[in-house]
Amino acid sequence: MLSIDGGGIRGIYSALILKEIEDKFKIKIHEHFDLIAGTSTGSILASALALDIPLSEAIDLYKNEGSQIFNFRKLGFMGLFKSRYRSDHLKKLLEEKFQNKTLSDSSIKTRLLIPTTDISNGDVHVIKSYYISEFKRDKDRKIQDAVLSSCSAPLYFNPIRMENYDLK
């Protein structure tokens, strides 16, 4: 299992390290792990790896789009009740990159796991690719929505509503 942590724009470091490993050993990361998990910015990288999207594209995303993704928004009444950043630009980029693929898409090369939290009840909400037939809940979810919900850290991006869950 490969687990990739969060950290916002600092995800570029994880992407650079993983790309260096691929380049140095002439491998594809997804071929060496049975499961790739990622939270927040790590979910972007985990999904890219699982779909065999070149890490150079992820690195370019951080370099070229980071300032737009993490562009401070004007806060409401005394800075309360709003997140620091709007998720519109990130959502658009995820839609472009993952092209409405679902968690049961045949182009997923290895198992994918994206942890989130359901803020309605404080429970962990794990989103999984459809690699076991019993995993029916998430099979039709779009990868981009799962990633966006994992990236929605409190105070940074607003929670994402998926069915009956408010995810962050």
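Conventions we followed
- Residues numbered from 1 in each chain as written.
- Predicted model: local features only at pLDDT ≥ 70, side-chain atom pairs only at ≥ 80, totals over all residues.
- Heavy atoms only, no water.
- Buried < 20%, exposed > 50% of the residue type's maximum accessible area, 1.4 Å probe, protein only.
- Helix = DSSP H or I, 4+ residues; strand = E, 2+ residues; numbered from the N terminus.
- Core = buried A, V, L, I, M, F, W, Y, C linked by side-chain atoms within 4.5 Å.
- Contact = heavy atoms within 4.5 Å.
- Pairing = 2+ DSSP bridges.
- Salt bridge = Lys/Arg side-chain N within 4 Å of Asp/Glu carboxyl O.
- Axes fitted to C-alpha atoms, helices over the stretch in contact; angles between N-to-C directions.
- Parallel < 35°, antiparallel > 145°, perpendicular 65-115°, else oblique.
- Left-handed = near helix turned anticlockwise from the far one by under 90°.
- Patch = residues over 30% accessible without salt bridge, like charges linked within 9 Å, V, L, I, M, F, W, Y side chains within 5 Å.
- Areas by Shrake-Rupley, 256 points an atom, 1.4 Å probe, with all protein chains shown as cover.

K.L.:
Hey, could you go over helix α2 (residues 41-50) for me, with residue numbers and the actual values?
P.N.:
Along α2, ten of the ten residues are buried, which leaves the element largely enclosed by surrounding structure. The set of residues buried in α2 consists of Thr41, Gly42, Ser43, Ile44, Leu45, Ala46, Ser47, Ala48, Leu49 and Ala50. Asp52 lies just past α2 and shows a positive phi near 60 degrees.

K.L.:
Account for the nonpolar core, naming residues and giving values.
P.N.:
Counting residues in hydrophobic clusters, the biggest one holds 39 residues, and the most contacted among them are Ile4, Leu49, Leu90 and Val147. Those elements that provide at least two residues to this core are β1 (2-4), α1 (11-25), α2, α3 (55-69), α4 (88-98), β3 (111-118), α5 (143-151) and β5 (160-162). Those residues in contact with Val147, other than ones at most four positions away along the chain, are Ser43, Ile44, Ser47, Leu94, Phe98 and Ile114.

K.L.:
Summarise the pairing of strand β4 (residues 123-128); cite the residues concerned and give the values.
P.N.:
Where β3 lies against β4, six bridges are found, and the strand directions are antiparallel. Its bridge partner being in β4, Asp118 is matched across the sheet by Asp123.

K.L.:
Could you give an account of the pattern of salt bridges, with specific residues and numbers?
P.N.:
Side chains carrying opposite charge are able to pair once their charged atoms draw close together. Summed over the entire model, instances satisfying the criterion amount to six salt bridges. One salt bridge connects Lys28 with Asp52, and the closest N-O pair in it is separated by 3.3 Å. Taken together, the residues span a long stretch of sequence, with Lys28 in the loop between α1 and β2 (35-38) and Asp52 in the loop between α2 and α3 at a distance of 24 residues.

K.L.:
I'd like a description of the packing of α3 against α4, backed by residues and values.
P.N.:
It is at 10 Å that the axes of α3 and α4 come closest, and there the two elements cross at 155 degrees. What the angle tells us is that α3 and α4 run roughly antiparallel. Judged by the sense of rotation from one axis to the other, the crossing of α3 with α4 is right-handed. For the pair formed by α3 and α4, the contact residues are Glu57, Leu61, Glu65, Gln68 and Ile69 on the first element and His89, Leu90, Leu93 and Lys97 on the second.

K.L.:
Tell me about a nonpolar patch on the surface, and please be specific about residues and values.
P.N.:
There is a patch of nonpolar side chains on the surface, built from Ile17, Ile21 and Phe25 and spanning about 300 Å² of accessible area. Inspection of the secondary structure puts Ile21 in helix α1. With a relative accessible area of 32%, Ile21 lands in the partly exposed category.

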